Amino acid sequence: MNSVLQALQRLANPAQFENAAVEKLLLYLIIVCYEADAITQTEDLSHEDEQAELSDEARAAQFETQTLFDGLNSLVSTLFSTELLPNAFTTIVRRIPQTSLTSKSRPAYPDLSPMALFQADWESQIAIYTLYRLGISFPAQLQYLFINNVNGLSQQRVMSLRAYTHFYLTKPVLLENVKRATQILQKEDLEDVTIDTKSDGIYMQLMIDMTPVVVHFVFSDYYPLDISILIHNQNSFLRAASVEKWQVMIRKRLSNNRPFYMSMVLIAKSLLHHVSNLEPCPICYCVLHPSTHSLPDRNCSHCVGRFHSSCLTTWFKNSQSHNCPLCRQPIAL
């Protein structure tokens with residue numbers, strides 16, 4: 001952690017690049033992205049709930065992490081408040097290969113690895129790689145740069161950048177987010193959750209009682225130039241208010257320089273927490289009803305039994321009584 005703090009201190013004076021070549025500033029941005037990733041790995045998401053009781057050790061760790069994020073946010077705020085980045089962004093756009101949504105011939109797929117910086121066309125590659133890294137680490141700031149510098153670019157350049165992002169950057173950025181979220185979940189032994197990309201977005205799936213619980217994230221065609229993210233709820237037991245809360249959380253975290261993949265991890269943990277605290281229906285032995293996928297919603301006033309309505313209806317019919325399957329006391333209809 002000390003090494004990360006030292007790196008932040010070294011990076012904390014972007015004015016040193018005032019008269020430097022733009023390549024040096026782009027490399028600086030890439031380094032900032034890598035340091036941001038290192039800081040992100042220190043975040044303990046189990047403490048996200050502000051109401052949780054924390055031990056002294058947990059509070060100390062949380063304080064250290066917050067110190068790192070405060071340093072990162074200060075650095076990013078300084079960076080994006082100078083004239084350096086708008087100028088660098090203009091250079092990036094001009095170096096991105098031109099294309100269009102309707103063009104039949106398109107540029108070659110870029111090498112989105114650090115080794116691309118050593119290729120013959122490194123001037124173009126460093127621009128592409130910087131855009132890619134910003135899209136992973138600081139998507140909200142990248143959107144800010146794009147929106148606030150559109151007027152300084154020709155319409156053709158703007159449309160070309162949007163098309164290039166759509167064809168060459170959106171999918172790789174989302175794939176990298178999925179990869180990192182999956183690695184974190186596996187590291188924390190949360191392998192019941194799977195995350196995958198499809199043509200229409202990212203799907204997070206959790207198996208409960210052999211029933212898939214799916215959360216579908218839908219993105220703009222030009223992500224991360226446009227970071228609009230919608231969550232489609234495909235589960236009857238999840239309330240709309242919960243989904244809206246997740247969307248607010250994503251927007252808040254992105255604006256605070258947190259990458260999107262950490263929001264996916266938080267939502268996965270929220271889902272697991274939601275279902276792990278529920279007892280299965282004593283009739284079908286499932287938390288989610290096998291056919292309706294609903295949660296147990298009927299309870300016995302005499303005992304702790306909680307049942308699916310449809311299971312209870314079937315029980316009443318087969319037993320020819322309205323008694324609780326557990327305590328045998330009458331249950332009001």
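Everything below is about the structure printed above this text.
In this text the structure is predicted, and so the values were computed from the model without any measurement.

Right, let's get into the environment of Tyr-129. Positionally, Tyr-129 belongs in helix α5 (residues 122–137). Between the C-alpha atom of Tyr-129 and that of Met-115, which follows or precedes it by 14 residues, the distance is 10.0 Å. The contact partners of Tyr-129, leaving out residues within four places of it in the chain, are Ile-30, Tyr-34, Leu-112, Ser-113, Pro-114 and Leu-117.

Right, let's talk about the layout of surface pockets for a bit. Of the volumes computed, that of the second largest pocket is approximately 350 Å³. Around the second largest pocket sit 14 residues that line it, and Thr-170, Lys-171, Leu-174, Lys-198 and Ser-199 are the ones nearest its centre. Where the lining of the second largest pocket is concerned, the elements lending two or more residues are α7 (155–187), β1 (193–198) and β2 (201–208). Of the residues forming the lining of the second largest pocket, the biggest block, 5 residues, is contributed by α7.

For the rest of this paragraph, the subject is the packing of aromatic side chains. In total, this model carries 7 aromatic pairs according to the counting rule given. Measuring from ring centre to ring centre gives 4.5 Å for Tyr-164 and Tyr-168, while their planes differ by 35°; the resulting arrangement is tilted. Here Tyr-164 pairs with Tyr-168, and both are found in helix α7, just 4 residues apart, close to one helical turn. Members of the aromatic cluster, joined through ring pairs, are Tyr-109, Tyr-164, Phe-167 and Tyr-168.

With that settled, the discussion passes to the nonpolar core. Core analysis: the largest hydrophobic core is formed by 81 residues, its most contacted members being Met-204, Phe-217, Phe-260 and Met-264. If near-sequence neighbours (up to four positions away) are discounted, Met-264 is found in contact with Asn-177, Val-178, Ala-181, Ile-195, Ile-202, Met-204 and Phe-217. By size, the runner-up hydrophobic cluster in this structure holds 10 residues, among which are Cys-281, Cys-300, Leu-312 and Phe-316.

A separate point is helix α10 (residues 309–319). Listed in full, the buried residues belonging to α10 are Cys-311, Leu-312 and Phe-316. For α10, the angular spread of buried residues about the axis comes to 135°, placing them on one side. Within α10, the exposed residues directed more than 90 degrees away from the buried face are Thr-313, Lys-317 and Asn-318. Elements that come into contact with the buried residues of α10 comprise β5 (298–299) and β6 (306–307). Of the residues one or two after α10, Gln-320 is the one with positive phi, at around 55°.

Here we come to the sheet that holds β1. In spatial order, the strands read β1-β2-β3-β4; together these 4 strands make up an open sheet with antiparallel pairing. In the strand order of this sheet, the two ends are held by β1 and β4 (229–233), each with one partner. Going from strand to strand, the sheet's axes swing by 20° on average, the running direction of each strand aside. Contacts from α7 reach β1, β2 and β3 (211–219) within the one sheet, and its direction differs from that of β1 by about 175°. Packing of helix α8 (residues 240–255) onto the sheet brings it into contact with β3 and β4, and relative to β4 it is tilted by some 160°.

Relative orientation of the contacting elements helix α2 (residues 22–40) and α5 amounts to 30°, with a least axis distance of 9 Å. Of the possible angle classes, the one that applies to α2 and α5 is roughly parallel. Between α2 and α5 the crossing geometry is left-handed. Each of Glu-23, Leu-26, Leu-27, Leu-29, Ile-30, Cys-33, Tyr-34 and Asp-37 in α2 lies in contact with α5, whose residues at this interface are Trp-122, Glu-123, Ile-126, Ala-127, Tyr-129, Thr-130, Arg-133, Leu-134 and Ser-137. A breakdown of the residues in the contact of α2 with α5 according to their chemical character gives 11 nonpolar, 2 polar and 4 charged.

Calculation criteria
- Sequence order sets the numbering: in each chain, residues are counted from 1 along the sequence as written.
- Selection of residues for local features in this predicted model requires a pLDDT of at least 70, selection of side-chain atom pairs for listing and counting requires 80 or more, and totals for whole chains, interfaces and linings are taken over all residues.
- Think of the side-chain values as coming from all heavy atoms in the structure, minus any hydrogens and water.
- Here a strand is any run of E in DSSP of at least two residues, a helix any run of H or I of at least four, and the numbering for each starts at the N terminus.
- What makes two residues a contact is simply this: any of their non-hydrogen atoms within 4.5 Å.
- Method remark: on a 1 Å grid restricted to protein atoms, a set of points is classed as a cavity if a 1.4 Å probe fits but cannot get out and as a pocket if it is open with protein on both sides within 12 Å along at least five of seven lines; lining residues have an atom within 4 Å of a point.
- Grid points are joined across faces, edges and corners, and a volume is the space filled by probe spheres set on the points.
- Aromatic pairs are defined between Phe, Tyr and Trp rings, using the six-membered ring for Trp, whenever the two ring centres lie within 6.5 Å; interplanar angles under 30 degrees are classed as stacked, those over 60 as edge-to-face, and all others as tilted.
- By nonpolar core is meant a set of buried Ala, Val, Leu, Ile, Met, Phe, Trp, Tyr and Cys residues that side-chain atoms within 4.5 Å join together.
- Accessible area is worked out with a 1.4 Å probe on protein chains only. A residue is then buried under 20% of its type maximum, exposed over 50%, and partly exposed in between.
- Our arc is simply the arc of the directions from the helix axis toward the C-beta atoms.
- Here, any two strands with at least 2 DSSP bridges between them count as paired.
- Lines fitted to C-alpha atoms define the axes here, with helix axes fitted over just the stretch in contact, and angles between the N-to-C directions of these axes take values from 0 to 180 degrees.
- Every angle not falling under 35 degrees, over 145, or within 65 to 115 is termed oblique; those three ranges are roughly parallel, roughly antiparallel and roughly perpendicular.
- In this scheme the handedness of a crossing depends on how the near helix is turned from the far one: anticlockwise by less than a right angle means left-handed, clockwise means right-handed.
- Side-chain classes are defined by residue name, with Ala, Val, Leu, Ile, Met, Phe, Trp, Tyr, Cys and Pro counting as nonpolar, Asp, Glu, Lys and Arg as charged, and the others, Gly among them, as polar.

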